[in-house]
Structures are given as structure tokens and as C-alpha cells.
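Remarks on the overall topology
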Amino acid sequence: MQNVLHTPIEYLKGVGPNRGETLRKELGIHTYMDLINFFPNRHIDKTRFYKINELQRNSSDVQLVGKIVHFKTVEQKRGKRLVADFIDETGRMELVWFRGHKWVRENLNLNVPYVIFGKTNWFNGVFSMPHPEMELLADYKKNLRTAMQPVYPSTELLQKKGITNRAIMKLIQEVMKQSGLRFGETLNQEIVQELNLISKSEAIFNVHFPKNQELLAKAQFRLKFEELFFIQLQLIRKNLLHKRKIKGLIFEEIGENFNRFYKEHLPFELTGAQKRVIKEIRSDLGSGAQMNRLLQGDVGSGKTIVALMSMFMALDNGFQACLMAPTEILSVQHYNGLVELCKELNTSIYLLTGSTKTSDRKEIHEKLENGEIDILIGTHALLEDKVKFQNLGLAIIDEQHRFGVAQRAKLWKKNSIPPHILVMTATPIPRTLAMSLYGDLDISVIDELPPGRKPIKTVHRFDSNRLKVFRFIKEEIMKGRQVYIVYPLIQESEKMDYKDLMDGYESIAREFPDYQISIVHGQMKPADKDYEMDRFLRKETQIMVATTVIEVGVNVPNASVMIIESAERFGLSQLHQLRGRVGRGAEQSYCILMTGHKLSEDSKTRLQTMTSTNDGFQIAEVDLKLRGPGDLMGTQQSGVLNLKIADIVKDNSILSTARWYASKILKEDPDLSDEKNRYIRNAFARLMKDRTIWNYIS
Ligand code: ADP
Ligand code: MG
């Protein structure tokens, strides 16, 4: 049986070398099996007839019975359209043609019942169906037909080569015939029973040619579950193997540094979430396996103190630690912050960045190697080969999406036994997605802000209200606050954006002649940027006009107003990151989203989300729904998009279930050697061997 399914596609009746080539190139279909696993996007449900008064504004293709009572031609900007009044006993709608008017008029009859089929639009209270499929009711009754028709994804080239939807259907039917409609089971009895799954064969058949909606749903559920299950199985297994194989440094002690700091120098009570995460890290560091942990926490949730206390754990066990940040400014801020926190302890902390002087650099290299440095903070400069530690025990990476996997790997090599790795990010990723993206990392979440934070007030204002906004800026500056004004800078239209920024700067300079204004954008030299940032930090300037270069991590607690110009052009996560630049001090902070009046539906949703919540995870969920996972950081490389049937966003709960089972099975039977898991073992082995879904999990 499996042999039939592994036959190269060109041998299938109706394919041949030419079409075989096209199927391989366009759809990645190499074998019969691949074809069977090529699933329809949707099905046309012809089991049901709708009445006009039942139509929904966003319904998909529908089928109705009724009569055309009238034709008219409507002139429009380009060409004409032919409109037919179509009625049934419940109401009236329109059928519309943009082409082929003559044929329609000559061939369609008035006042005779037709079965029509197609997609409906809704405009001004009237439903219309452009270019409907039409058949006389009398003829319709004579023909036999499949109830639910699959619609497969297609491409222009497939169409051109005549590989139509109907052709694909036929090919799949042919494979089903040849394989005797038997497809080997892939899950174990327990899962099938507990989740009440239909068999693999039934699922395959019904996902293509369902007898009814219910069977289709069952087939889809089973196949989605299976797909996600095997991915999770792979991820969890990799993580387990990693823990078994990669020996980690064992930090047994909680010692002097940690305890003294905790008892005497902690500047505030830790939040529950911070305590929980510190415990999770503590347990990793003592486990004997190398830690690879992702710490997610919204801007301002207090990741730094968690980082510091983790580094103390390394120090207390005689190891060094390092903290790497993506920019010079951030490194300096971390350095200053940590030096301040540790001022009563004799921890030796150094800073190493691209602009560290050669002589200082030499000193740092030496002190690192002879163990005089406890904590090294810096930028990419830390990754250079010349930077050698005496015994690096823990490496922390802040704002991870700016660093790649390759850089993580470089840190690994800084010690003979790889150091523990903690990656911190303020870009919240919904948990389920994170599980798929970073399957090889364990995940901790700080989901609680320190107490007493005043939530940032966010409002949406139209450009026409600019004067009021300017007045508000003045009031805030008079109170001693500072203000950010951010302009979009999007690569494609860089020139125009740049002009917007400069125009904005000039009009602000005119509007506020008494204030000092900093400007920072991507085309400036790093040194000039830093100089301007520094002026703002030292309160020499009151207003910072900038592009999104200020997005990451900058900390100016006195800045309390964030104005975002052309806010409709920013993505949600970016808006949220920008907003996170304010609200860092004791004062009430504000975020003002400026836009014109013309807004798309998506833009409106984004603005509404921003004005209604400060919760980064909630925002990330909306973002994911709006954009799909494709645009999210990291998803491209990891290929979460290559899923055949499951949808990482919509099938969230199936994913959780799949993960739960995968983890349970591997806990009981890590090598899948138990007889009852033989189907899973075989299916898994086959998937690992084929170039199927696995090649994306690096
Ligand atoms: P982020 O997670 O964005 O890196 P930080 O670590 O910079 O956040 O913390 C943001 C601010 O909150 C800092 O000023 C820090 O001192 C303060 N902070 C952190 N944890 C607490 C806490 N438990 N209670 C009060 N303030 C805290
Ligand atoms: Mg931070």
C-alpha cells in the first residue's frame, strides 16, 4: 500500500512528465502521497438552497432558486454593467455581469426558475452576485451531482497548463481508487478514542469529498490534529534530547551575592510574576541540563532585575555572566542601571561596545580572561572571537529578535561547557505561536506589571485637531515633561517619508520657537544619533522628533507624551513598542495617535485596539489575527506557514491539545518503543525521512 503512495506523480494516469513537472514545481507534489495531502481550501456547499432573506453580508458561495424579472444596462466609469433583477418568494437581489452581455441577454430567459450559484456582495441594502453560475431548475433536477465540491488552491501557471480544479479532483480520485482507499493509521488507540477521531482513511476521503458538513469538520479536525501533533512531537523530542545530551553547568548554590542583594538591596518588592520566573530559572540552572529559556515580558514589566538576579546565581557559583543588548544606547543604559543596583556590593561590572577605546578594550580582554570581571555588558562586540571569558556561566540576550540563532550559537562557544542562555524579549508572542516558533526554548512569561503604574492614556486624534494637540504638548512641557514625536519611515517610500519627517520637524520648530528640539533618524551617523539622544536624556531638549529608530528599549522616564504621526501606517506591535517609550516615570503619560480621516478597516481596528488596551499579549493576539503569522518576526524562517491544513492562529486550541498529548506520550515512552505507539513511531519515522513538514524545524 505505502508503495503505491510513494509512486512518483508522473506515473499517475492523467499526469505524465509534463504535468508532473508542473505539479512538482508549482505545488511541491512529487508523489501520490503528496497529492493526497494536497487539501482543498474550501468546499462549495451545494447541499443547501438559500432564500434571499437568509443571505448574510459575509457569506461564502451560496446557491438559490429564483427568476430573473428584468434586465438593465448601467453605465459606469469604464464600460457598462448588465444588471438583472432576481427574485424568489422572500425578496429581491441583483445579478451582475461586466462582460458577455450579449450572450447573457440572448441565452437567459425571463420569468423561468433558475438555480444560481456564486459569491454575494452587499451594497446599499441590496445583495448582488457577479457572474453567477446558472442552470435552469428543470435541467438541474435531471443531473446527479456531488454535494460538496472541493476547491483546491491554484496558480496562474496551473490554470494555463489546464490543470484545473476539476483535473485535480480527478487525479485525487484516481489515487484513491488505486490505493483502495486505505491509508494507514498514524495515531494510537488512546488518542483516537479519547478525542473521538475518525480513522485516517475516512479523514482523507472526507477532507476531499465530504458527504456532509459534519463529516468534513471531523475530517479536518483529525488531520489538523495529526499535523500539529507530529510537529509538537518533534519539537518536544528535540528539547528532551537536547536536555539529555547537552550537559549544563550546575549552579547548586544560592549564595552571598544573591542573598545579600535580595535581603538588603532590592529596591522594591518583586512582583509575583518576577518571583515565579526567577524560580523557573533557578530550577533550570540547577538541573544539570543547559538552560535555553525565552523570557517574555511586556515593556516595563521588569525583566532587568530578573536578569540581574540570574546573573548573581552564576556569580555565586564562581562563574561569570554577560548581558548583550542590540544597541550601544541600550547597553549603556543597562550598564548604568546595573552599576547603580550593585553599588553596595563589590560586583565588578564592565561595558564593552563598538566605541570602547582600544586601550580599555585590552584591559577588558585581560580581566575577562583572568576572572576579574564578574559581569560584562555590551553589544555585538561581545561576540568577537577576541572576547574570551575565564568561565562564562550565563549569557543573557536582551531584545532577542534583533539577534539571530547564529549569534546564540556563538555565545555557546564562549565556554567549554556551553553557558546557560536566557533570551529576553518585549515583543509578546501569543503563547501557542511561541510554542511552535521556539520549540527548542523553554518559555517564561512576566504577565504582571509592577504595582502603582499609571496606565498610559492613549487617544486617537485626526490631523485636523493638530492645534489642540500642540496646545497639549505645550502644557506638558511647561510641567517639565518631555515629548516624543514619531514619523513613519518605511523603506519603499523612504524619500517621501524622509521629507515628511523634515517637514514635520520644521513645522514643530516653528510652532515651538522657545523649546529645544532633537532629531534622530536612520540616515544619521550613529555618533550623531547618540549625541542627539543624549541631549534628550539630559533634558537639554524638550522634544524629540524621530523615526522608529527609538523603538527599542530607550529609557527616558521624564518623557510622558508619545505622539505618533500617520499612525495608520504602523503595525500594531510597532505602535505598542513605541508607546512603551513613555509611562516609565511617576507621571501620567499619554500616547496620541495622529491620522487623517481616510482609514481602512484594519487601520481602524489597530487604532481601536491601541486605545482600548495596554496589554501587549492582547495586542499581539489581535495583530496575529489581522496579519496572520506570516509577518510576525521569525515566522518566515521557521516556516510555520508551511502547514498543510492547520492554521496556527485559528487552530489554537487544537494545537494545545496536540501539544498536551505529544508531551504525555514522550514522557511515558521517550523513544516511542512501546507497542501501543507503533503507528505513531512508524508515521513519525516516515515523516522524518521524507522531505515533508520537518525540513523547516532547524
Ligand atoms: P523591561 O522589562 O522593559 O526591561 P525594566 O526592567 O527596565 O523593564 O523595568 C522597568 C521599570 O520598572 C524600572 O524602572 C524598574 O526599576 C521598575 N521595576 C521593575 N520591577 C519592579 C517591581 N517589582 N516593583 C516596582 N518597580 C519595578
Ligand atoms: Mg529592558
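First, a word on scope: everything that follows refers to the structure included in this document. (Residues numbered from 1 in each chain as written. Chains lettered and ligands numbered in written order. Predicted model: local features only at pLDDT ≥ 70, side-chain atom pairs only at ≥ 80, totals over all residues. Heavy atoms only, no water.)

1. Let's talk about the site of ligand 1
- Close to ligand 1 lie 15 residues, the nearest being Q274, G300, K303, T304 and R453.
- Between ligand 1 and E269, the relevant distance is 2.9 Å, taken from a nitrogen atom to a main-chain nitrogen or oxygen of the residue.
- In this structure, G302 approaches ligand 1 through a main-chain N or O atom, which is 3.1 Å from an oxygen atom.
- If ligand 1 stood free it would expose 560 Å²; the protein chains cover 73% of that surface.
- Its residues placed into classes, the shell around ligand 1 shows four nonpolar, six polar and five charged. (Near = heavy atom within 4 Å. Polar contact = N/O pair within 3.5 Å; in protein donor to acceptor, adjacent residues only side chain to side chain. Areas by Shrake-Rupley, 256 points an atom, 1.4 Å probe, with all protein chains shown as cover. Nonpolar A, V, L, I, M, F, W, Y, C, P; charged D, E, K, R; others polar.)

2. Here we look at the sheet that holds strand β17 (residues 457-462)
- The sheet built from six strands is open, its strands ordered β17-β22-β21-β18-β20-β19 with parallel pairing. A strand with exactly one partner marks an edge of an open sheet, and here the two such strands are β17 and β19 (517-520). Taking each pair of neighbouring strands and ignoring which way they run, the sheet shows an average axis angle of 20°.
- Against the sheet, helix α18 (residues 466-478) engages β17, β18 (482-486), β20 (543-546), β21 (559-564) and β22 (590-595), with an angle of about 160° to β22.
- Helix α20 (residues 526-537) rests against β18, β19, β20 and β21 of the sheet, and its axis sits at about 145° to β19. (Pairing = 2+ DSSP bridges. Helix = DSSP H or I, 4+ residues; strand = E, 2+ residues; numbered from the N terminus. Axes fitted to C-alpha atoms, helices over the stretch in contact; angles between N-to-C directions. Contact = heavy atoms within 4.5 Å.)

3. Details of the side chain of N188
- For N188, the position within the fold is in the loop between α7 (165-178) and α8 (189-194).
- Here the side chain of N188 touches I191 through a polar contact of 2.9 Å, landing on its backbone nitrogen.
- Reaching out from N188, the side chain makes a polar contact with the side chain of N677 at a distance of 2.9 Å.

4. Let's talk about the packing of helix α9 (residues 200-208) against helix α10 (residues 213-245)
- In contact at an axis separation of 8 Å, α9 and α10 are set at 120° when each is read in the N-to-C sense. Here the hand of the crossing between α9 and α10 comes out left-handed. Where α9 abuts α10, its residues K200, A203, I204, N206 and V207 lie against L215, L216, A219, Q220, R222, L223 and E226. (Left-handed = near helix turned anticlockwise from the far one by under 90°.)

5. Remarks on the packing of helix α21 (residues 572-579) against helix α23 (residues 616-627)
- Two elements in contact, α21 and α23, have axes whose closest approach is 9 Å; the angle formed by their N-to-C orientations is 155°. Here α23 runs roughly antiparallel to α21, going by the angle between their axes. Contacts from L572, S573, H576 and R579 of α21 reach α23 at G616, I619, V622, D623, L626 and R627. (Parallel < 35°, antiparallel > 145°, perpendicular 65-115°, else oblique.)

6. What to know about the packing of aromatic side chains
- One pass over the full model with this rule turns up 16 aromatic pairs.
- A centroid spacing of 6.3 Å and a plane angle of 55° characterise the contact between F71 and W97, whose relative ring orientation is tilted. Taken together, the residues span a long stretch of sequence, with F71 in strand β2 (residues 62-75) and W97 in strand β4 (residues 91-97) at a distance of 26 residues.
- Between F225 and Y661, the aromatic rings sit 6.2 Å apart at their centres with planes inclined by 80°, giving edge-to-face as the arrangement. Of this pair, F225 sits in helix α10 while Y661 sits in helix α25 (residues 652-668), placing them 436 residues apart in sequence. Each member of the pair, F225 as well as Y661, is classed as buried.
- Here the aromatic cluster, defined as three or more aromatic residues joined through ring pairs, consists of F225, F229, F230, W660, Y661 and F684.
- In this structure, R48 is placed above the aromatic ring of Y50, and the distance from its NZ or CZ to the ring centre is 4.0 Å.
- In this structure, R678 packs its charged tip against the face of Y679, placed 4.7 Å from the ring centre. (Phe/Tyr/Trp six-rings, centres within 6.5 Å; stacked < 30°, edge-to-face > 60°. Buried < 20%, exposed > 50% of the residue type's maximum accessible area, 1.4 Å probe, protein only. Lys NZ or Arg CZ within 6 Å of the ring centre and 35° of its normal.)

7. Quick look at the sheet that holds strand β7 (residues 126-130)
- Taking strand neighbours across the sheet as the criterion, the seven strands line up as β6-β7-β4-β3-β2-β5-β8 in an open arrangement whose pairing is mixed. Each having just a single partner strand, β6 (121-123) and β8 (133-136) make up the two edges of the open sheet. Neighbour-to-neighbour, the strand axes of this sheet turn through a mean angle of 40°, independent of strand direction.
- Here strand β5 (residues 113-118) runs beside β8; their pairing, made up of four bridges, is antiparallel. When the bridges of β8 are listed, Y114 appears paired with L136.

8. Side note on the environment of L392
- Considering the arrangement of structural elements, one finds L392 in strand β14 (residues 392-398).
- The exposure class assigned to L392 is buried, which follows from its relative accessible area of 0%.
- Sequence separation between L392 and S416 is 24 residues, and the spatial gap between their C-alpha atoms is 9.0 Å.
- The residues contacting L392, other than those within four sequence positions of it, are L249, F319, Q320, A321, C322, L411, K414, N415 and P419.

9. Overview of helix α11 (residues 256-265)
- Among the residues of α11, N257, F258, F261 and H265 are the ones counted as buried. With its buried residues spanning 105° around the axis, α11 presents them on a single face. When the buried face of α11 is taken as reference, the exposed residues oriented beyond 90 degrees from it are E256, K263 and E264. (Arc of directions from axis to C-beta.)

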